Amino acid sequence: MNLEAFLTEAGTGQRPLRAADYARVARELSREGFDHDLRPLRAALLSSCSFQFAEPFLVVEGARRGLQLRTFFGPFNQFEQQVSDPRSALHRFESEALVLFMRPEDLDPDFGFRSAHGSHSEVLASAVDRLVSCVENYRSRSAAPVLVANFAVPQRVPLGLFDANVSDSLTHALAEANHGLRSRLADIPGTVVWDYAGLVRDAGTSTWTDPRMWALARVPVSAERQPTLARHLARTLAAVTFPPAKCLVLDLDNTLWGGVIGDDGIDGIQLGDDYPGSVFKAFQRAVLGLTDRGILLAVVSKNYQSVVDQVLRAHPEMLIRPEHLSAMRVNWQPKSTNLREIAAELNIGADALVHFDDSPVERGEIAANAPEVRLVDVPADPLGYERALHECGYFDMVAVSQEDRQRVQMYRAQKTRDDVRASSGTVEEFLAGLDMIAEIGAVDSANIGRVAQLVGKTNQFNLTTRRHSQADIARMCSDADHSTMYIRLRDRFGDLGLIAVGLVSYQGTDAVIDTLVMSCRAMGRQVEIALLWEIAEAARSRGCLRLIGDYVPTARNGIVSELYPSLGFSRIGAIDNGGERFGFNLADLPPAALKWPDSIRRETALSVAG
Amino acid sequence: MNHIPMADTVSHRLREVMASVFGIDPASIAPDASSALIAEWDSVRHLQLMLALEEEFQIQFEADELVGLRSVDLIEARLRGTQSE
């Protein structure tokens, strides 16, 4: 589609897109039945911080690159959990491209601040290992291309101005880690490095982040830089989706030299080391640079063959000579016809041709009559030619080749044998490696503020969304017919804080879970299983006969709809607000799934509600 | 030429931005609208809204404002505070 035309109609074509425009245009592009010729692409992103904010920007910039992006953003900071579980939301999404975005500063809060010997390398090595492992695991289940972000230098480096001068500083550890990442990913077919480090460096590290957005929502990129990020990622996604072009076909007049050879003669055209000829000479250099990558060159020009031959052979400043050209069509036919003939002559599809022409009229003719040929959006000023060629993206040579596709199939067959063992080990190993310690205790005056905040603000991992006030909770704490429990979680990297709360009401011989909430950042670690086990044990020791849990559906808590059934609770009946009640008899053997997780060590606080 | 009171322009522009971010009809945004009353106004979209307003009105919110301005009347009051004079 012509996104620019669409944007003009949508009323934004006259000025650069603002954030609100991106939101509106993205919605329009994603609408069912929206007419376009974009290539649909289901792209999944797993990230160690919040990436969702980028969605509208990605959709619009994806359209600019010919893609209709449908995105899936994985739950916060979940990699192994999503990749290893064949029933995870990631696998159900059936992505056609996977992006992994893991930042070392998200894995270790000291990264960028502290500089104990070797500490950066350790965090980075762990990140690289985890990423490679995830890619291998994913590759055993899917042939979709994987983009792995490399590591950008953070705004703050521990040794400041002379960080680059010290041999094992963060700057050097990062460079080494990026080399290592690239090298290990090269062994896995259909996998590429997404050069996030290059993106941030080019945009400017100092303006990349907005401290407010990080502090409030763990969004690592400022609002102003979202379009830049989206453009870069969209371009990388397009590169792994569309086949690369094979041949650049060039116009001559006012493209490879200034002026028109038919009018100005060989001595009158501008080409040389002085301005304006120098601009065209530099452009010829950029064109020849493409041949180093294996791109073929051809020429299509409305001129006389003999005149053109003379310039190509004899003009002393020409860098592009006849021996560089695989085909030529110099005549007065429509260029669209010539282009198709060149494709036939070279035995490639016309869609493998890219045409660079300064004339909008000619480009219009080709778009109308040979639309499969890719056209560079050439600016009016020749000073912009090199950049237009560089940015068009058609030569981003990372599309999966036929050979690569075969390698992927062989790789998958090999992996399937070890599949079950490998995949069931990975998540457990990962969780065990976190060295988690859960402190269980009763809610009291020291933590009631935080508890009330969790109960009041949690939307997703919230079974009943009952917004008890702090006063309500305080009453439950001192009431013999209620138990109030919290979990505070620590792991290898630090304290996650108080992240889960359970409020239980005792009604006769039933223990009813009134409220069960957990912070997003603790998801995927089985903490909720630990809390439920604790609740069940407390109920049992009180002499309760049944443990009951309710689920009240809202727009935001779909992820916990199956929590109780998955842990072996049976459905008892329906309740108000479209909810469901689940339970099991404490006198029976507890459900097999409900046991204290192996990967978490248990600590009790001074008092536990009973 | 009619004099357009500043308050109406702020109100109108605010609703246009909200319509873009939330995908709702600007005319449906009541004066007492807030994040509690509009389903689409969740925490991700709230941040999108605040940053879109920064761009539209060429202002910068403090971090506390980014968190706290969750109703149309609070936002309008804040915006009018910067648009007057």
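Before any of the text, the structure's been laid out above.
Residues numbered from 1 in each chain as written. Chains lettered and ligands numbered in written order. Predicted model: local features only at pLDDT ≥ 70, side-chain atom pairs only at ≥ 80, totals over all residues. Heavy atoms only, no water.

**Thoughts on the overall build of chain B**
Looking only at helices and strands, one finds four helices and zero strands in chain B. Starting at the N terminus, the α and β elements of chain B follow one another as α-α-α-α. Counting the 85 residues in chain B, one finds 45% classified as buried. Intrachain contacts of chain B at a sequence separation of at least 6 include 53% that bridge at least 24 residues. If you sum the accessible surface of chain B, you get close to 4,600 Å²; carbon and sulfur atoms cover 53% of it. (Helix = DSSP H or I, 4+ residues; strand = E, 2+ residues; numbered from the N terminus. Buried < 20%, exposed > 50% of the residue type's maximum accessible area, 1.4 Å probe, protein only. Contact = heavy atoms within 4.5 Å. Areas by Shrake-Rupley, 256 points an atom, 1.4 Å probe, with all protein chains shown as cover.)

**Notes on the sheet that holds strand S11 (residues 436-442) of chain A**
Residues and elements named next belong to chain A. Read from one edge of the open sheet, eight strands run S16-S17-S15-S14-S13-S12-S11-S18, paired in mixed fashion. The open sheet has two free edges, formed respectively by strand S16 (570-575) and strand S18 (600-604), since each of these has just one partner strand. Averaged over all neighbouring strand pairs, the angle between strand axes comes to 25 degrees, with direction disregarded. In this structure, S11 lies alongside strand S12 (residues 482-491), joined through six bridges in antiparallel fashion. Residue pairing in the sheet places Ala-438 in a bridge with Leu-489 of S12. (Pairing = 2+ DSSP bridges. Axes fitted to C-alpha atoms, helices over the stretch in contact; angles between N-to-C directions.)

**Focus: the sheet that holds strand S8 (residues 325-330) of chain A**
Residues and elements named next belong to chain A. Within the open sheet, the five strands sit side by side as S8-S7-S6-S9-S10. Their pairing is parallel. The outermost strands of the open sheet, each flanked by one partner alone, are S8 and strand S10 (374-375). Where strand S9 (residues 353-356) lies against S10, two bridges are found, and the strand directions are parallel. Each residue of the ladder has a partner; that of His-355, found in S10, is Leu-375.

**What about the interface of chain A and chain B?**
If you look at the interface, chain A gives 18 residues, while chain B gives 21 residues. Of the roughly 1,500 Å² buried between chain A and chain B, counting both surfaces, carbon and sulfur atoms make up 63%. In terms of surface lost to chain B, no three residues of chain A exceed Phe53(A), Arg212(A) and Leu216(A), which account for 39% of the buried area on that side. Connecting chain A to chain B are two salt bridges. Among the ionic pairs, Glu56(B) bridges to Arg18(A), the shortest N-O distance being 2.9 Å. Listed by contribution, the elements that provide at least two residues to the side of chain A that touches chain B are helix H2 (19-30) and helix H10 (211-217) of chain A. Among the elements that line the side of chain A that touches chain B, the one with the most residues is H2(A), at five residues. Of the residues that constitute the side of chain A that touches chain B, the class distribution is 11 nonpolar, one polar and six charged. (Buried area = accessible area lost by both parts, 1.4 Å probe. Salt bridge = Lys/Arg side-chain N within 4 Å of Asp/Glu carboxyl O. Nonpolar A, V, L, I, M, F, W, Y, C, P; charged D, E, K, R; others polar.)

**Examining the packing of aromatic side chains**
All names here are of chain A. Inspection of every chain in the model, using the stated rule, returns 18 aromatic pairs over all chains. Between Phe-283 and Tyr-385, the ring centres sit 5.4 Å apart and the planes meet at 65 degrees, which makes this aromatic pair edge-to-face. Of this pair, Phe-283 sits in helix H13 (residues 277-291) while Tyr-385 is found in helix H17 (residues 385-391), placing the two residues 102 residues apart along the sequence. When its relative accessible area of 2% is taken as the criterion, Phe-283 is described as buried. Among the aromatic side chains, those forming a connected cluster through ring pairs are Phe-51, Phe-101, Trp-194, Tyr-196 and Trp-208. If you follow Arg-42 out to its NZ or CZ, it ends over the ring of Phe-93, 4.4 Å from the centre. (Phe/Tyr/Trp six-rings, centres within 6.5 Å; stacked < 30°, edge-to-face > 60°. Lys NZ or Arg CZ within 6 Å of the ring centre and 35° of its normal.)

**A look at the pairing of strand S3 (residues 97-101) of chain A**
All names here are of chain A. By the criterion of burial, S3 is predominantly enclosed, with five of the five residues buried. Across the two faces of S3 the burial is the same, with Ala-97, Val-99 and Phe-101 and Leu-98 and Leu-100 all buried. Relative to S3, strand S1 (residues 39-47) is paired through five bridges, and the arrangement is parallel. Paired with Leu-46 across the bridge in S3 is Leu-100. Where S3 lies against strand S4 (residues 146-149), three bridges are found, and the strand directions are parallel. By the bridge assignment for S4, Leu-100 is matched with Val-148.

**A look at empty space enclosed by the protein**
Rolled over the atoms, a probe sized like a water molecule indicates the empty space that remains. Going through the model one piece at a time under the given rule, you end up with two cavities of 30 Å³ or more. Surrounding the largest cavity, Ala19(A), Ala20(A), Ala23(A), Phe53(A), Pro56(A), Phe57(A), Val21(B), Gln48(B) and Ala52(B) form its lining. Mapped onto the lining of the largest cavity, the elements with two or more residues apiece are H2 and helix H3 (55-64) of chain A together with helix H2 (43-57) of chain B. When its residues are assigned to classes, the lining of the largest cavity shows eight nonpolar, one polar and no charged. Residues that form the lining of the second largest cavity fall into these classes: seven nonpolar, two polar and no charged. (1 Å grid on protein atoms, 1.4 Å probe; cavity = no way out; pocket = protein on both sides within 12 Å on 5 of 7 lines; lining within 4 Å. Points joined across faces, edges and corners; volume = space filled by probe spheres on them.)

**Quick word on the packing of H2(A) against H3(A)**
All names here are of chain A. Where H2 meets H3, the closest approach of the two axes is 8 Å, and the angle between their N-to-C directions is 65 degrees. With respect to the hand of their crossing, H2 and H3 are arranged in left-handed fashion. For the pair H2 and H3, contact is made by Ala-19, Tyr-22, Ala-23, Val-25, Ala-26, Leu-29 and Ser-30 and by Pro-56, Phe-57, Val-59, Val-60, Glu-61, Ala-63 and Arg-64, respectively. Partitioning the contact of H2 with H3 into residue classes produces 11 nonpolar, one polar and two charged. (Left-handed = near helix turned anticlockwise from the far one by under 90°.)

**Notes on the nonpolar core**
Residues and elements named next belong to chain A. By size, the foremost hydrophobic cluster in this structure holds 73 residues, and its most contacted members are Leu-29, Trp-194, Tyr-196 and Leu-237. Apart from residues lying up to four places away in sequence, Trp-194 is in contact with Phe-51, Val-99, Phe-101, Leu-147, Val-148, Ala-149, Asn-150, Leu-199, Leu-229, His-232, Leu-233 and Thr-236. The next biggest cluster of nonpolar side chains, apart from the first, holds 46 residues, and it includes Met-436, Ala-438, Cys-544 and Leu-563. (Core = buried A, V, L, I, M, F, W, Y, C linked by side-chain atoms within 4.5 Å.)

Shape is all these values report; function is a separate question.
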